[in-house]
Amino acid sequence: MSGATLSDRLHTELWTSWASLLRSYAAAHGLNATQHAVVEVSATEITLRVASLWLRFTPTQMQQSDTTPTPFHLNENGTVTLNHGPEQEMDIAAEQFARDMLSSANP
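Residues numbered from 1 in each chain as written. Predicted model: local features only at pLDDT ≥ 70, side-chain atom pairs only at ≥ 80, totals over all residues. Heavy atoms only, no water.

Our next topic: the pairing of strand β4 (residues 61–64). Alignment of strand β3 (residues 53–57) against β4, held across three bridges, turns out to be antiparallel. Counterpart to F57 in the pairing with β4 is M62. Here β3 hands over to β4 after three residues, the two strands then running antiparallel side by side. Linking β4 back to strand β5 (residues 70–74) in an antiparallel pair, the connection comprises five residues. (Pairing = 2+ DSSP bridges. Helix = DSSP H or I, 4+ residues; strand = E, 2+ residues; numbered from the N terminus.)

All right, on to the sheet that holds strand β2 (residues 46–50) then. Strand order in the open sheet formed by seven strands is β1-β2-β3-β4-β5-β6-β7, and the pairing between neighbours is antiparallel. The outermost strands of the open sheet, each flanked by one partner alone, are β1 (37–41) and β7 (88–89). In this sheet, β5 lies alongside β4 in antiparallel orientation, the contact comprising two bridges. Across the sheet, the residue bridging to M62 is T70, located in β5. In this fold helix α1 (residues 6–29) packs onto β1, β2, β3, β5 and β6 (79–82), with an angle of close to 170° to the strand it touches most, β1. (Contact = heavy atoms within 4.5 Å. Axes fitted to C-alpha atoms, helices over the stretch in contact; angles between N-to-C directions.)

Let us now look at the environment of L53. As for its position among the elements, L53 is in strand β3. Given a relative accessible area of 25%, L53 falls into the partly exposed group. On a C-alpha basis, the gap between L53 and R23 in space is 15 Å, while along the polypeptide they are 30 residues apart. When sequence neighbours within four positions are dropped, the list of residues in contact with L53 reads L48, S65, M101, S104 and A105. (Buried < 20%, exposed > 50% of the residue type's maximum accessible area, 1.4 Å probe, protein only.)

Next up on the list: the pattern of salt bridges. This structure, assessed with the given rule, holds four salt bridges. Here E45 and R56 are joined by a salt bridge, their closest N and O atoms 3.5 Å apart. One end of the pair, E45, is in the loop between β1 and β2; the other, R56, is in strand β3, with eleven residues separating them in the sequence. By relative accessible area, E45 is classed as partly exposed at 32%. Here E95 makes a salt bridge to R99, at a shortest N to O gap of 2.7 Å. Residue E95 and its partner R99 are located together in helix α2 (residues 90–105), separated by four residues, close to a single helical turn. Through salt bridges with shared partners, a single ionic network connects E95, R99 and D100. (Salt bridge = Lys/Arg side-chain N within 4 Å of Asp/Glu carboxyl O.)

Positive phi outside glycine occurs at N83, with the angle close to 55°. Within the secondary structure, N83 is located in the loop between β6 and β7. For N83, a relative accessible area of 45% corresponds to the partly exposed category. Unlike most non-glycine residues, H84 shows phi in positive territory, near 60°. Mapped onto the elements of the fold, H84 is located in the loop between β6 and β7.

So this is what it looks like as structure tokens:
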């Protein structure tokens, strides 16, 4: 990891954790659903897809299939900030996003 700063390594770990949380909660909420979620992950983008709906995260933005991008940030303390609002724990935010996506696709 020569050349990578502590902040870079921490961001990579937080990004990986965020993707894992989204994947886990999407799988849990999809157990009894007719539609299932797919989580696509790259170094700069995480996309949660359910049927024709999608939710995309970049290090600085979050966007749903039918909305304009809003500010998004993973904080060094393991929280998420969305649209400059109050910080939320990563697991609580990931569970809410997964639940909302799957309930929207499986009315």
